[in-house]
Amino acid sequence: MDILLISSLLGAFVLQVASSEDSVKVSVSAWPPGSNIYLHESVLLRCTVDSNSSFAWSFRWFRHPTPTPNPRHLVSGDSYSITAVTREDEGSYQCGVEQRERNISSVVLLSQPVDVRVSDTPPPSLTLTPSSRHLFRGETFSLQCPGSLSSSSGWTLRRFPPGPTVRSRRVYTDWCSPLGGAGSADQPDTCVFNAARETSGLYWCEGAEEGRSNAVSIAVSYGSIILRTPASPVSEDDAVSLVCQYWTGTNGTTIFFKNGAEILTSTMSSISGREIKMIIENVTQEDEGFYKCAFPDRQTESPESWLSVRPERGNSTTKDGTATSTGSWIWIVVLCILFLLLLIPLSVWLVRRYRYHTVCTCSCCPVSKEELQAVELPVTKQEVSEVQWDLSWMEMSNLLDRNVYPDT
């Protein structure tokens, strides 16, 4: 019995007739699993095709809402990885698979979307020693789960390895040995590994009651040069060392790059014959980015390694990934205090001026006739001219009264 497969992609419909036994199921899984994705950790999305078909599949990835290109988002076939998650990485992710047959017909199937939500709650910390996203083959590194150093505290180290999708892929759930490591005698929460291709991958710790720790991505290199950047975010104003390490040695000349552009710096020093160190003093969020180092002829370059910078203590990160500092609030408080300091003397001056006007107004206002009569005027001796003037004035007043009132 045949069935008709109908799928849509970006508004276009694709039809193909397929047998029922060739039905395809596409799904997306997020690693580390769970509903909480933490700031600055690494995340891997994997697209899985469950089909009896032997044809090759091509993969496409979609994100809603449609974002601007971001160098921290790396797509490689069925894998979609996000380095140092920020708020701007929230959204719905979906993969589509396309099967081509003799370049004549094709079918495109979409998975169910997976929502990525970023939590502000800091997770328990997984400790990587040495703290570097890139390691050389044969190096020794250790991973320590959170908790007491005297007991395992219920934590289990997990790893999701890289590589192509296979049906038998599973998450390792045992302690150190099944993951290719060995338990540390001094630190029960620590697993020690010898770096190899099979030890690459995404690591995190899980606890029955504690939840999980942050996830750390480790890449083991078989090349001739790597750049060591801190695996965990560094804090603003710290001094950060970027170490360019060679497999066989170097003549002491190394070029550093940030986001593909050469860095002109004089803060370089040679640690040994195999390592060149560059120091970034007072690091800021503008220093975030992908770094790499190379031979002077640029024929051999290290893989790019991301440097993540955490906002200074008290800062927060907005949804678009930018930092907002509480320093602005401090300035607001300082300005308010200054305003109050200016307002207090101004208020005192206004009150005193108001009281002065009130007293002046009361003292200068006219009094009633009765009050004037009640006041006994001082007796003064009149001059002769004043007496004559008063008599003349009285005679004129009497004449006016007779004209106005003739009967008086």
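Q: In this structure, what is going on with the overall build of the protein? I would like to understand it.
A: Per the secondary structure count, the protein includes three helices and 33 strands. When contacts within the protein are restricted to residue pairs at least 6 apart in sequence, long-range pairs at least 24 apart make up 62% of them. As displayed, the protein offers around 24700 Å² of accessible surface, 57% of which is attributable to carbon and sulfur atoms.

Q: Help me understand the confidence of the model for the protein, please; the structure alone is not making it clear to me.
A: When pLDDT drops low, the exact placement of atoms in the prediction is not to be read closely. Overall, the prediction assigns the protein a mean pLDDT of 75, with 67% of residues at 70 or greater. This stretch, residues 1–21, has a pLDDT under 50; its non-local contacts, to residues over four places away or in other chains, come to 39 contacts. Below pLDDT 50 for its whole length, residues 314–327 participates in 25 contacts with residues either more than four positions away or in separate chains.

Q: Is there a simple way to explain the packing of aromatic side chains in this structure?
A: Any pair of aromatic rings gets described here by the distance separating the centres and the angle formed by the planes. A full pass over the atoms with the stated rule returns nine aromatic pairs. The interplanar angle of 15° and the centroid separation of 5.2 Å between the aromatic rings of Phe141 and Phe193 together place this pair among those described as stacked. Of this pair, Phe141 sits in strand S15 (residues 140–144) while Phe193 is found in strand S18 (residues 190–194), placing the two residues 52 residues apart along the sequence. Looking at Phe141, the relative accessible area reads 1%, which means it is buried. With a relative accessible area of 1%, Phe193 lands in the buried category.

Q: Would you mind showing me how to read the state of the cysteines here?
A: A covalent bond between the sulfur atoms of two cysteines is what we call a disulfide. Taken as a whole, this structure holds four disulfides when the rule is applied. A disulfide bridge connects Cys145 with Cys205, and the sulfur atoms are separated by 2.0 Å. Judged by the sign of its S-S torsion, about -85°, the bond between Cys145 and Cys205 is left-handed. Pair noted here: Cys145 is in the loop between S15 and strand S16 (155–160) and Cys205 is in strand S19 (residues 201–207), with a separation of 60 residues, a long-range link. Taken as a pair, Cys145 and Cys205 share a single burial class, namely buried. Covalent S-S linkage joins Cys244 and Cys293, the inter-sulfur distance amounting to 2.0 Å. With the S-S bond torsion at 80°, the cross-link from Cys244 to Cys293 turns out right-handed. Of this pair, Cys244 sits in strand S24 (residues 240–246) while Cys293 sits in strand S29 (residues 289–294); the two residues are 49 residues apart in sequence, bridging distant segments of the chain.

Q: I keep staring at the sheet that holds strand S7 (residues 73–76) and nothing clicks. Help me out?
A: Working definition: the strands of a sheet are paired by backbone hydrogen bonds and lie parallel or antiparallel to each other. Taken in spatial order, the four strands of this open sheet run S3-S5-S8-S7, and their pairing is antiparallel. Edge positions in the sheet fall to strand S3 (25–31) and S7, since each has one partner strand and no second. Neighbouring strand axes in the sheet, compared pairwise and without regard to direction, differ in orientation by 15° on average.

Q: Is there a simple way to think about the pattern of salt bridges in this case?
A: Scanning all chains against the criterion turns up 11 salt bridges. One salt bridge in this structure joins Lys292 and Glu301, with 2.9 Å as the shortest N-O distance. Judged by its relative accessible area of 14%, Lys292 is buried. Its salt-bridge partner being Glu301, residue Arg298 comes within 3.8 Å of it at the nearest N-O pair.

What counts and what doesn't
Residues numbered from 1 in each chain as written. Predicted model: local features only at pLDDT ≥ 70, side-chain atom pairs only at ≥ 80, totals over all residues. Heavy atoms only, no water. Helix = DSSP H or I, 4+ residues; strand = E, 2+ residues; numbered from the N terminus. Contact = heavy atoms within 4.5 Å. Areas by Shrake-Rupley, 256 points an atom, 1.4 Å probe, with all protein chains shown as cover. pLDDT = per-residue confidence, 0-100. Phe/Tyr/Trp six-rings, centres within 6.5 Å; stacked < 30°, edge-to-face > 60°. Buried < 20%, exposed > 50% of the residue type's maximum accessible area, 1.4 Å probe, protein only. Disulfide = S-S within 2.5 Å. Pairing = 2+ DSSP bridges. Axes fitted to C-alpha atoms, helices over the stretch in contact; angles between N-to-C directions. Salt bridge = Lys/Arg side-chain N within 4 Å of Asp/Glu carboxyl O.

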